[in-house]
Amino acid sequence: MRSYLKYIIPVVIPLLILLMPLSAFPFEGITVLQQRVIAIFLLAALCWVFEPIPIYATSVVIIVLELLMLSDKGIILFRLDQGEPHFGELLKYNEIMATFASPIIMLFLGGFFLAMAATKYRLDVNLARVLLKPFGTNPKYVMLGLMLITAVFSMFMSNTATTAMMLSILTPVIAVFGPTDRGRIAFALCIPVAANIGGIGTPIGTPPNAIALKYLVGDNFISFGEWMAFGVPFVVVMMALAWFLIDKLYSADQKTINLDIKGKFLKTPKAIAVYITFGLTISLWLMGSVHGMNSYTVALIPVAVFSLTGIINKEDLKKISWDVLWLVSGGIALGLALDKTGLAKLVVHSIPFDQFSPYIVLFGAAFLCLVMANFMSHTATANLLMPIMAALGSSMVSLAPLGGEITLILVVTFAASLGMSLPISTPPNALAHATGHVQSNQMARVGVILGIVGVLLSFVLVWVLHAVGHIG
């Protein structure tokens, strides 16, 4: 019977939600479209947890259901009551379809092209040989090397681009482990974890940080250096915890890795083109403020160059992890529905923050953000919650002893970046899952622990800095 439950539960519960009258929901003013989003959200969450179908298939189902039930070009039966006050505003069908070609998907595609070209011309092997040599032969120290390199890059460039780059040099390292060695899991998992944590270190490390800075003005202003003064120590502590946790849960059976990576940089015209394009793309990602292009635009440069030169041919295109692109687009579509229908905002406003103690408000807001960030875009979560948290922080006098608005904003900002329990939680997670070496439940074990501990640590750190007068 248990084997059937994983198929029955994800279908029955959303159907029950759809059949419930609006008055049965605890949210005042809920619309028919928001009710449908709740059903789709639960269907997605349950399918991603129980996995009755492949997780990329769940993302496809999300997009199709949104087109059928929420869009202005969906089934006419689902649009009969449109215009009624309790119905809500239909989503534009082209906005839902655009999730297939969103900027983040283009960033993924560019990362895949870089990784494929690097592997094809042995750039990844040579980078592994150069970068990992100082960390010796002990697997856990080699893993530490991978994490440190990833975290530093993530402070100044896209977490997704960093993960794509680092995973491209991971293949020769993974090959050293036996097929059942848990070291495979550790090495595949450490990179997205380090990328997610590392982005917290600077204001430009991840979009939620930049969003938070918009609300940290006047007396609450934080400069780039001040952000790094508390961001980098937070990253260092969390990285140490993550390294210890991953090593404990998935320690390698093999005690040494003899990384005798042989080879030399190829000098053929195509190989040189790969090196130049790889270096140029990374440089452009790092210097976005100089040339004005964002990471998504830059990501298409290697796609064009490698296609034009034949470095990536039509046979190579078949090897792209298209399932990852579907997976990410489904997560983007889910976030779009939560945002555009107003459901996420309705849920947030339905929580009576002003009736609780400031500690409950801080922890409640942070953990709410953490949960939301696991199921939708970190950027969308921050965009949704930040203005509300800013208004809440400035209006609650009881928060002043704990740092007031600035503490609330920073704790919630950190929580947004710590949502990394599922493959759809962050693009780095999805990329790591695509390697086939780490499963959803293994990712969740580490992600949940680091998320909860990270939220608690961020509160302590920000409160201490406020107490000593460094911020606020």
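Above this note sits the structure.
Residues numbered from 1 in each chain as written. Predicted model: local features only at pLDDT ≥ 70, side-chain atom pairs only at ≥ 80, totals over all residues. Heavy atoms only, no water.

Undergrad: Mind showing me how you'd approach the packing of helix 8 (residues 159–168) against helix 22 (residues 427–434) here?
TA: How two helices sit against one another is set out by the angle between their axes and by the gap between those axes. Where helix 8 contacts helix 22, the two axes come as close as 8 Å, and the packing angle between them is 20 degrees. Of the possible angle classes, the one that applies to helix 8 and helix 22 is roughly parallel. Classified by chirality, the crossing of helix 22 by helix 8 is right-handed. Between helix 8 and helix 22, the contacting residues are Asn159, Thr160, Thr163, Ala164 and Leu167 on the first element and Pro427, Pro428, Leu431 and Ala432 on the second. (Axes fitted to C-alpha atoms, helices over the stretch in contact; angles between N-to-C directions. Helix = DSSP H or I, 4+ residues; strand = E, 2+ residues; numbered from the N terminus. Parallel < 35°, antiparallel > 145°, perpendicular 65-115°, else oblique. Left-handed = near helix turned anticlockwise from the far one by under 90°. Contact = heavy atoms within 4.5 Å.)

Undergrad: Is there a simple way to think about the side chain of His378 in this case?
TA: Mapped onto the elements, His378 comes out in helix 20 (residues 378–395). In this structure the side chain of His378 is engaged in a polar contact, spanning 3.3 Å, whose partner is the backbone oxygen of Ser425. Not counting chain neighbours up to four residues away, the residues in contact with His378 comprise Pro208, Ala373, Ala416, Ser417, Gly419, Ser425 and Thr426. (Polar contact = N/O pair within 3.5 Å; in protein donor to acceptor, adjacent residues only side chain to side chain.)

Undergrad: Sorry, what's going on with the layout of surface pockets here?
TA: Rolled over the atoms, a probe with the dimensions of a water molecule shows which regions are left empty. Looking at the second largest pocket, its volume works out to about 540 Å³. What lines the second largest pocket is a set of 21 residues, and nearest its centre among them are Ala115, Thr119, Leu167, Thr171 and Ser321. For the lining of the second largest pocket, the secondary-structure elements that each account for two or more residues are helix 5 (103–120), helix 8, helix 9 (171–174) and helix 22. Counting residues per element, the lining of the second largest pocket draws most heavily on helix 5, at six residues. Of the residues that constitute the lining of the second largest pocket, the class distribution is eleven nonpolar, seven polar and three charged. (1 Å grid on protein atoms, 1.4 Å probe; cavity = no way out; pocket = protein on both sides within 12 Å on 5 of 7 lines; lining within 4 Å. Points joined across faces, edges and corners; volume = space filled by probe spheres on them. Nonpolar A, V, L, I, M, F, W, Y, C, P; charged D, E, K, R; others polar.)

Undergrad: Teacher, can you tell me more about the pattern of salt bridges here?
TA: Pairs may arise between side chains of opposite charge once their charged atoms sit close together. For the structure shown, the criterion picks out three salt bridges. A salt bridge links Lys120 to Asp316; the shortest N-O distance between them is 2.7 Å. With Lys120 in helix 5 and Asp316 in helix 16 (residues 314–317), this residue pair connects regions lying 196 residues apart in the sequence. Relative accessible area serves as the criterion here: at 7%, Asp316 is assigned to the buried category. Here Lys319 makes a salt bridge to Asp316, at a shortest N to O gap of 4.0 Å. (Salt bridge = Lys/Arg side-chain N within 4 Å of Asp/Glu carboxyl O. Buried < 20%, exposed > 50% of the residue type's maximum accessible area, 1.4 Å probe, protein only.)

Undergrad: I'm lost on the environment of Ala242 in this one. Help?
TA: Inspection of the secondary structure assignment puts Ala242 in helix 12 (residues 224–249). Overall, Ala242 belongs to the buried group, its relative accessible area being 0%. Each C-alpha atom of the pair Ala242 and Cys190 lies 7.9 Å from the other, and the pair is 52 residues apart in sequence. Setting aside its immediate chain neighbours within four residues, Ala242 contacts Met147, Val193, Ile197 and Leu450.

Undergrad: Just to check I follow, could you spell out the environment of Leu22 for this structure?
TA: Relative to the elements of secondary structure, Leu22 occurs in the loop between helix 1 (2–19) and helix 2 (32–50). Its relative accessible area of 22% is what places Leu22 among the partly exposed residues. Between the alpha carbons of Leu22 and Val460 there is a distance of 41 Å; along the sequence they are 438 residues apart. Discounting residues that sit within four places of it in the chain, Leu22 has contacts with Ile30, Thr31, Val32, Gln35 and His86.

Undergrad: What's the story with the side chain of Thr277 in this structure? I'm lost.
TA: Looking at where Thr277 falls in the secondary structure, it is placed in helix 13 (residues 269–286). Within the structure, Thr277 has its side chain in polar contact with the backbone oxygen of Ala273 (distance 2.7 Å). The contact partners of Thr277, leaving out residues within four places of it in the chain, are Pro302, Val305 and Phe306.

Undergrad: What am I meant to see in the nonpolar core here?
TA: Generally speaking, soluble globular proteins have nonpolar side chains that are buried together. Residues Phe108, Phe187, Ile197, Trp285, Val446 and Leu450 are the most contacted members of the largest nonpolar core, which totals 150 residues. Residue contacts for Leu450: discarding those within four places in its chain leaves Val193, Ile197, Met238, Leu241, Ala242, Leu245, Leu418 and Met420. (Core = buried A, V, L, I, M, F, W, Y, C linked by side-chain atoms within 4.5 Å.)

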